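The residues making up each chain are set out below.
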Amino acid sequence: MSYKAKFRVWRGEGGEGKLEDFTVEVNEGEVVLDIIHRLQATQVPDLAVRWNCKAGKCGSCSMEINGRPKLGCMTRMSTFTEDETVTVTPMRTFPVIKDLVTDVSFNYKKAREIPSFTPPAEVKPGEFRMQQIDVERSQEFRKCIECFMCNNVCHVIRDHEENKSNFAGPRFLMRIAELDMHPYDVADRKDSAQEEHGLGFCNITKCCTEVCPEHIKITDNALIPMKERVVDRRYDPLVWLGNKIFKRSSSNS
Amino acid sequence: MEIERHEYDVVVIGAGGAGLRAAIEARQQGKRTAIVCKSLFGKAHTVMAEGGAAAAMGNVNSKDNWMVHFRDTMRGGKFLNNWRMAELHAKEAPDRVWELEAWGALFDRTKDGKISQRNFGGHEYPRLAHVGDRTGLELIRTLQQRVVALQQEDEKLHGDAEAYIKVFQECTVTRLLKDMSPAHGPGGAIAGAFGYWRENGKLILFDAPAIVLATGGIGKSYVVTSNSWEYTGDGHALALLAGAKLINMEFIQFHPTGMVWPPSVRGILVTESVRGDGGVLKNSEGKRFMFDYVPEVFKAQYATTEEEGDRWYTDQANNRRPPELLPRDEVARAINSEVKAGRGSPQGGVYLDVSTRLPAAEIIRRLPSMHHQFKELADVDITKEAMQVGPTCHYVMGGVEVDADTAAASVPGLFAAGEVSGGMHGSNRLGGNSLSDLLVFGRRAGAGAASYVNALAGRPKISDEAVTDAKAEALAPLQRSGENPYEVHHELQRTMNELVGIIRKEEEVSEALESVEKLKERAQGVGAAGSRIYNPGWHLALDLRNMLLVSECVAKAALLRQESRGGHTRDDFPGMSPEWRTKILLCELTPDGSEVIVQEQVQPPMRDDLIQLFDRDELKKYITEKELADFDALAKE
Amino acid sequence: MTQTTADSPARRQRAQIKERTLRTDPWWRYPLITFIIFMAFLVYATWAIFDTSYFMAPYHAPFASPCLATSCPEGARLFGFAPFGDWYTLPPGLLILGLPAGFRFTCYYYRKAYYRGFWLSPPACAVNEPHKKYTGESRFPLILQNVHRYFFYAAIVVGLILAYDAVKALIEKPDGLGTWILIVNAILINLYSLSCHSCRHITAGRLNHFSKHPVRYRAWNVVSKLNAKHQELALVSMFSVMGADLYVRLVAKGIIAFSFA
């Protein structure tokens, strides 16, 4: 059941590079990452690819396969026809280090800009009491394996490098939603979501949800609910009117 | 070439559960801490853990407490465990889990809002704190976010987020460096670590008086494993090379049901609950072969006919359980023999069939993650066809010999926690005890390292000579144009899988040792073409040294231990021997570093109050006549 | 940064790939179809606003309901009132269509669809958008999308009026095909309104402790189920309202004239 497949793989260092053609053996049941590894073992030992668990649980092998962000370990070769050329490129939104490996430090930087979980000071470990239905929403977001494909596909930064400093990306806006919905979190996150982390940049075109390998409903369950929470705070005309009349600052309501 | 150089109080190698917990502790005790890891931050193998973290919180069954957990752990390890570790683990696990919750972890809940706990093999009460079947991910993410929280604190306090805790990701440590001056004792003391950046191949040097190893396991020495590429036994080898000792290296847990097909997911776990919910094992002839493999000691508890076995699922009171539910090691051995006898599936496993046993909707309801896993990874619908499964290398019980309370190894300044440390699990680990192990001993290692640094009179220094040697070693494969390292690696994996696998025989293990010797020579000559930028061939060439050292330990210890216990099965010595229980096998490197030597060491007897937690009837199956007499004397007092 | 990696000047650059996208599937289909459907709807709506045959007792074309001026036929006035009196002579649709139109225009589903189909921002996932700058909904004018919730309140009122129209038709002409078309349309329109993300937020989405508000939590669960079908309901109700409106007008014009029409 094995055949020779045509692969085009982007190779290069630090931005400069090109698509190179390969013909490589494919066996039944293999995934794209297997084929990349075969190239590594038989044709180009220094072909760089980042990977780890090979089971869709760690989110390391994010790449773009025929133009679509995918996990290499979760893309079966049987989804392509035998005469189809499979094009594999690194994620476009992040600087490339080498071949398929990108520098994803943007994401770690953003992670650190989101204020951490803030429980009330008086609750001690072991004293937390939460109902299952109250934690389920945030649990969905915590399924995230941080493959960063949502941040990669989001056109806000994919097509506009200049927005990177003002936009946390779906992954970390979802993190804000996760904490904002946490039954014990007391930090106020609504104004900062809009002002500092760029929730307003999101135009809910749902590409983050489309590419999520964990099938998290990022847009419907995290981003839009967060937008609605911001509306409560900032764009409710009644609140706005009240603030005007009583001369309160709209941001500390 | 200039070598990047950093100074820290504590360097933690590995960013899995144990490493992160250790780093958090060291930082919380005011130590400047570095975390060095081969993967990206948050990708460690801990994310693969599904079941949960065992902690006797008693949320579901209030009868549970640390003593019951301690007993279960010792039983699971066939009484070979370091009892002090098992004790600390059982006592401290609840606090470690609660602490995670205060850092933002969201475990599944009980009705009254506490952390829910689930049943698991070998645990007397429901004990595993869990989040669906992704507990490991929750643990890693929570610890990762805790590190970030500490960095945010530091940023507010010092204006520099990385002032006290910094992650060096995609960075591999190749050598631990010691200060050998007499001031630091006869064997010297840890002075730092040497490594390279995976992404650009640049070299890096850490000056640090304390190093915590938290590098996980050794599964990549085997062909079929549930472990990731990172599991090349780095910590085991670094410890050996630094003069520390490894214990229990012959004990490796093979999970009976790993996926065998497709190739990309070979070894990935198929959860035990498939069998618990009615799944049966069949060979290529369609026969439920497990009925032929019920050992004498279990005959009374297991069904002898398929009819009786099938009745058990609905009526457990009046029927004996089917032999598919024998302990992991028994099932793994049975599958192994069927395949060896030529009755395996086309891809070298056996069939695990649930599709003919339960209606499709029921399978999806009871086994959602398995249904999803096979659908997405193998394109197999388990409601319509059988799965192919086979044993997979899962966990190494052995590791660095450490002090239970401080996690300190015998080399001053060296600490180890998690899978890379040895003793806690004895000869066999219980499911769920791994995640709690990481937390309990991760914290202890961090604290141990911090107090070691506090007590230090002067900081050990790295000699230029040591750096030169380490550098030469690291760069050597790039300058050779020898054999492809992948070939040596594959050969090693095959050797270990076939000759030092689930079932071991003297001749086979000896053959493996000869083979490892030859591979060691070949590894000296492997070359890695290409640049230093993200060059996987070069990385593998360097990892080979570690895998070979570890394999040598496993094979040598397996050859010496003439009994079968937990994760070590000798075909030629099938029984468990009370005499051997009192002995621990200790691996260390000869002074010239060329060879592993294995010695016997006496296991210290269990503390009186701990051994009295057990029944005499149970103990007599494990301990010697003399030990039993001591126990009786104790009981009379 | 949380982590450190050695710096090298070359590494700040993305992979230089000239192709706008390397997708090989027909990604342009979704924006194209969206564009065609929405354009058709806009064209129809524009025509309908100025078309005057919107009432044929007991049927009231949805695009012209409610009718609030004396220019409407007697039976078409909402509860018989004409609060706008006789100074208002423009088509009745112009007066009220802004509310449902605003609801749909600011709806999270429609936003996605027209940002993709009309503004190409982006046309499809992993396909570069043609715009040089992008600020999204972070500032004027698109920041106004945040008024969606107020349109939702209005849409509930309009939905109830359409339901009232349908019930009125049911009473007067239970065997009329038009009656049942209006009923189906009213149901779909109201389901669409209820499936709205704002509605989901209002029921209980804004709460952090579902367990303390069991009734609201139940409502949230129902709305969440509907919400999962928001796109489908948006499209189906758009076709149903267009269809119902056209049907009534055709009846009013006498083009459809069979006995149970």
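Residues numbered from 1 in each chain as written. Chains lettered and ligands numbered in written order. Predicted model: local features only at pLDDT ≥ 70, side-chain atom pairs only at ≥ 80, totals over all residues.

### Some words on the overall build of chain C
Quick reminder of the rule: Numbered from the N terminus, helices here are DSSP runs of H or I no shorter than four residues, and strands are runs of E no shorter than two. Our radius of gyration is a C-alpha quantity, and the globule rule it is checked against amounts to 2.2 Å times the number of residues to the power 0.38. Neighbour counting defines burial: a residue surrounded by 20 or more other C-beta atoms within 10 Å of its own C-beta is buried, one with 12 or fewer is exposed, and intermediate counts give partly exposed, using backbone-placed C-beta atoms. With C-beta atoms placed from the backbone, a contact is any residue pair whose C-beta atoms sit within 7 Å.
When helices and strands are counted, chain C shows 9 helices and 3 strands. Put simply, chain C runs from its N terminus to its C terminus through helices and strands in the order β-α-β-β-α-α-α-α-α-α-α-α. In summary, chain C has a C-alpha radius of gyration of 23 Å against a globular reference of 18 Å for 261 residues, an excess of more than 25%. Projected onto its principal axes, the C-alpha positions of chain C cover 80 × 50 × 35 Å. Among the 261 residues that make up chain C, the fraction classed as buried is 39%. At a minimum sequence separation of 6, the contacts of chain C that also span at least 24 residues come to 66%.

### What to know about the overall build of chain B
If you tally the helices and strands in chain B, you get 19 helices and 23 strands. Taken against the 2.2 N^0.38 rule, which gives 26 Å for 637 residues, the C-alpha radius of gyration of chain B at 24 Å falls within 12% of a compact globule. Considering chain B as a whole, with its 637 residues, one finds that 59% of them fall into the buried category. Put simply, of all contacts in chain B between residues at least 6 apart along the chain, 73% involve residues at least 24 apart.

### A short note on the domain arrangement of chain B
Where we set the bar: Each domain span listed reflects an automatic or database assignment of domains.
Taken domain by domain, chain B holds domain 1 (4-251 + 397-465), domain 2 (252-394), domain 3 (474-582) and domain 4 (605-637). For domain 2 of chain B and domain 4 of chain B, the distance between their C-alpha centroids amounts to 37 Å.

### Quick notes on the pairing of strand S23 (residues 596-602) of chain B
Residue and element names in this part refer to chain B. Applicable threshold: Two strands are counted as paired when DSSP detects at least two bridges linking them.
The pairing of strand S22 (residues 583-589) with S23 spans 7 bridges and is classified as antiparallel. By the bridge assignment, Leu589 is partnered in S23 with Val596. Between S22 and S23, which follow one another and run antiparallel, lie 6 residues, and Gly593 among them has a positive phi close to 75°.

### Here's the deal with the sheet that holds strand S19 (residues 421-422) of chain B
All names here are of chain B. We count it as follows: Comment: axis = line fitted to C-alpha atoms, over the contacting stretch for helices; angle = value between 0 and 180 degrees taken between N-to-C directions.
The strand order S19-S17-S12-S22-S23 describes an open sheet built from 5 strands, whose pairing is mixed. A single partner strand is all that each edge strand has here, and the edge strands are S19 and S23. One ladder, built from 2 bridges, connects strand S12 (residues 246-247) with S22; its direction is antiparallel. Across the sheet, residue Ile247 finds its bridge partner in S22, namely Leu586. Running over the sheet, helix H5 (residues 234-241) touches S12, strand S17 (399-401) and S22 and is turned about 35° from S17. Across the sheet, helix H15 (residues 536-560) lies against S12, S22 and S23, angled at about 50° from S23, the strand it touches most.

### Comments concerning the interface of chain C and chain A
Quick note on the threshold: In this classification, Asp, Glu, Lys and Arg are treated as charged, Ala, Val, Leu, Ile, Met, Phe, Trp, Tyr, Cys and Pro as nonpolar, and every other residue, Gly included, as polar.
Taken residue by residue, the interface counts 48 residues in chain C and 57 residues in chain A. Contributing elements (two or more residues each) for the side of chain C that touches chain A: helix H4 (108-117), helix H5 (148-172), helix H7 (197-205) and helix H8 (214-227) of chain C. The biggest single contributor to the side of chain C that touches chain A is H4 of chain C, with 5 residues. Considering only residue class, the side of chain C that touches chain A consists of 16 nonpolar, 21 polar and 11 charged.

### Thoughts on the UniProt feature "domain: FAD-dependent oxidoreductase 2 FAD-binding" (unreviewed entry) in chain B
Under the convention used in this document: UniProt positions are given in the numbering used here, feature names are shortened, and annotations may be inferred rather than shown by experiment.
The feature "domain: FAD-dependent oxidoreductase 2 FAD-binding" (unreviewed entry), as annotated in UniProt, sits at residues 9-435 of chain B in this numbering. What you have in residues 9-435 of chain B is 28% helix and 19% strand, and the ends, taken at the C-alpha atoms, are 26 Å apart.

### Some points on the interface of chain B and chain A
Contacts between chain B and chain A engage 54 residues on the former and 49 residues on the latter. Contributions of two or more residues to the side of chain B that touches chain A are made by helix H3 (83-102), helix H4 (135-158), helix H10 (368-378) and H15 of chain B. When the residues that make up the side of chain B that touches chain A are grouped by side-chain class, the tally is 27 nonpolar, 14 polar and 13 charged.

### A short note on the confidence of the model for chain C
Residue and element names in this part refer to chain C. Counted only if it meets this: Think of pLDDT as the predictor's per-residue confidence, scored from 0 to 100.
Of all residues in chain C, 96% attain a pLDDT of 70 or more, and the chain-wide mean is 91. Low pLDDT (under 50) marks residues 1-10, which in the prediction has 32 contacts with non-local residues, meaning those over four places away or in another chain. Both confidence scores are given for the complex: pTM 0.93, ipTM 0.94.

### Describing the packing of helix H1 (residues 17-28) of chain B against helix H11 (residues 433-455) of chain B
Residue and element names in this part refer to chain B. Quick reminder of the rule: Here a crossing is called left-handed whenever its near helix is offset anticlockwise from the far helix by less than a right angle, and right-handed whenever the offset is clockwise.
The N-to-C vectors of H1 and H11 enclose an angle of 35°; their axes lie 7 Å apart at closest approach. As for how H1 packs across H11, the hand of that crossing is right-handed. Packed against H1, whose contacting residues are Gly17, Ala18, Gly19, Arg21, Ala22, Ala23, Ile24, Glu25 and Ala26, the element H11 presents Leu435, Leu438, Leu439, Phe441, Gly442, Arg443, Ala445, Gly446, Ala447, Ala449 and Ala450 at the interface. Residue classes in the contact of H1 with H11 are distributed as 13 nonpolar, 4 polar and 3 charged.

### A look at H5 of chain B
Residue and element names in this part refer to chain B. Among the 8 residues of H5, 7 are classified as buried, and the element is accordingly described as predominantly covered. Of all the positions in H5, only Asp234, Gly235, His236, Ala237, Leu238, Ala239 and Leu240 are classed as buried. After H5 finishes, the residue Gly243 shows a positive phi value of roughly 100°.

### A look at H11 of chain B
Stated formally: A helix's residues, less one, multiplied by 1.5 Å, set its expected span.
Helix length check: H11 of chain B, at 23 residues, gives a terminal C-alpha distance of 32 Å against a target of 33 Å (1.5 Å per residue), a fit within 8%. Within H11 of chain B, 20 of the 23 residues are buried, which leaves it mostly tucked inside the rest of the structure.

### Regarding the sheet that holds strand S8 (residues 171-179) of chain B
Residue and element names in this part refer to chain B. The sheet built from 4 strands is open, its strands ordered S1-S10-S9-S8 with mixed pairing. Sheet topology places strand S1 (4-7) and S8 at the edges, where each strand pairs with a single neighbour. Pairwise comparison of adjacent strand axes, ignoring direction, gives a mean angle of 20° for this sheet. Bridge analysis of S1 against strand S10 (residues 203-207) gives 4 bridges, and the strand direction is parallel. The residue of S10 that forms the bridge with Glu7 is Asp207.

### Some thoughts on the environment of Lys636 of chain B
Along the chain, Lys636 of chain B turns up in helix H19 (residues 625-636). Each C-alpha atom, one on Lys636 of chain B and one on Gly525 of chain B, is 64 Å from the other, the two residues being 111 residues apart in sequence.

### A word on the UniProt feature "transmembrane region" (unreviewed entry) in chain C
Residues and elements named next belong to chain C. Taking the UniProt record as the reference, the feature "transmembrane region" (unreviewed entry) is found at residues 27-50, 87-110, 150-171 and 177-194. From the first C-alpha to the last, residues 87-110 spans 35 Å; its make-up is 71% helix and 0% strand. Helix makes up 100% of residues 177-194 and strand 0%, and the two end C-alpha atoms of the span are 26 Å apart.

### Section: the nonpolar core
Selection criterion: What we call a nonpolar core is a set of buried Ala, Val, Leu, Ile, Met, Phe, Trp, Tyr and Cys residues whose membership is set by joining through C-beta atoms within 7 Å.
Grouped together as the largest cluster of nonpolar side chains are 332 residues, with contacts concentrated most on Leu173 of chain A together with Ile211, Val212 and Phe415 of chain B. By residue number, the principal contributor to this core is H15 of chain B, which donates 15 residues.

### Quick look at the pairing of strand S13 (residues 252-259) of chain B
Note on strand geometry: in a regular strand, side chains alternate between the two faces of the sheet. Residues and elements named next belong to chain B. Burial of S13 is extensive: 8 of the 8 residues sit out of reach of the surface. Sheet topology places S13 next to strand S16 (residues 387-396); 6 bridges connect them, and they run antiparallel. Paired with His255 across the strands is Thr392, a residue of S16.

### Description of the environment of Leu68 of chain C
Residue and element names in this part refer to chain C. Tracing the backbone through its elements, the reader meets Leu68 in the loop between strand S3 (59-60) and helix H2 (92-96). Classification of Leu68 as partly exposed rests on a count of 18 C-beta atoms within 10 Å. In this structure the C-alpha to C-alpha distance between Leu68 and Phe41, which are 27 residues apart in sequence, comes to 24 Å. Non-local contacts of Leu68, meaning those with residues more than four positions away in its chain, are made with Leu78, Ala82, Pro83, Phe84, Pro92 and Leu95.

### Brief notes about the packing of helix H13 (residues 485-499) of chain B against helix H14 (residues 506-525) of chain B
Residue and element names in this part refer to chain B. Put simply, the test is: Any angle that falls under 35 degrees is termed roughly parallel, while one over 145 is termed roughly antiparallel, one within 65 to 115 roughly perpendicular, and all others oblique.
With their axes 10 Å apart at the nearest point, H13 and H14 run at an angle of 170° to one another. When the axes of H13 and H14 are compared, the pair comes out roughly antiparallel. On H14, the residues touching Val488, Glu491, Leu492, Thr495, Met496 and Leu499 of H13 are Glu508, Val509, Glu511, Ala512, Ser515, Val516, Leu519, Arg522 and Ala523. Looking at the contact of H13 with H14 residue by residue, the classes come out as 9 nonpolar, 2 polar and 4 charged.

### Digging into unusual backbone geometry
Following Ser65 of chain C, the chain continues into Pro66 of chain C via a peptide bond in cis, with omega recorded as 0°. Turning to its location among the elements, Pro66 of chain C is positioned in the loop between S3 and H2. A cis amide bond links Ser121 of chain C with the next residue in sequence, Pro122 of chain C, at an omega value of -5°. Here Ile204 of chain A, not a glycine, exhibits a phi torsion of approximately 45°, which is positive. Locating Ile204 of chain A in the fold gives a position in the loop between helix H7 (190-195) and helix H8 (207-211).

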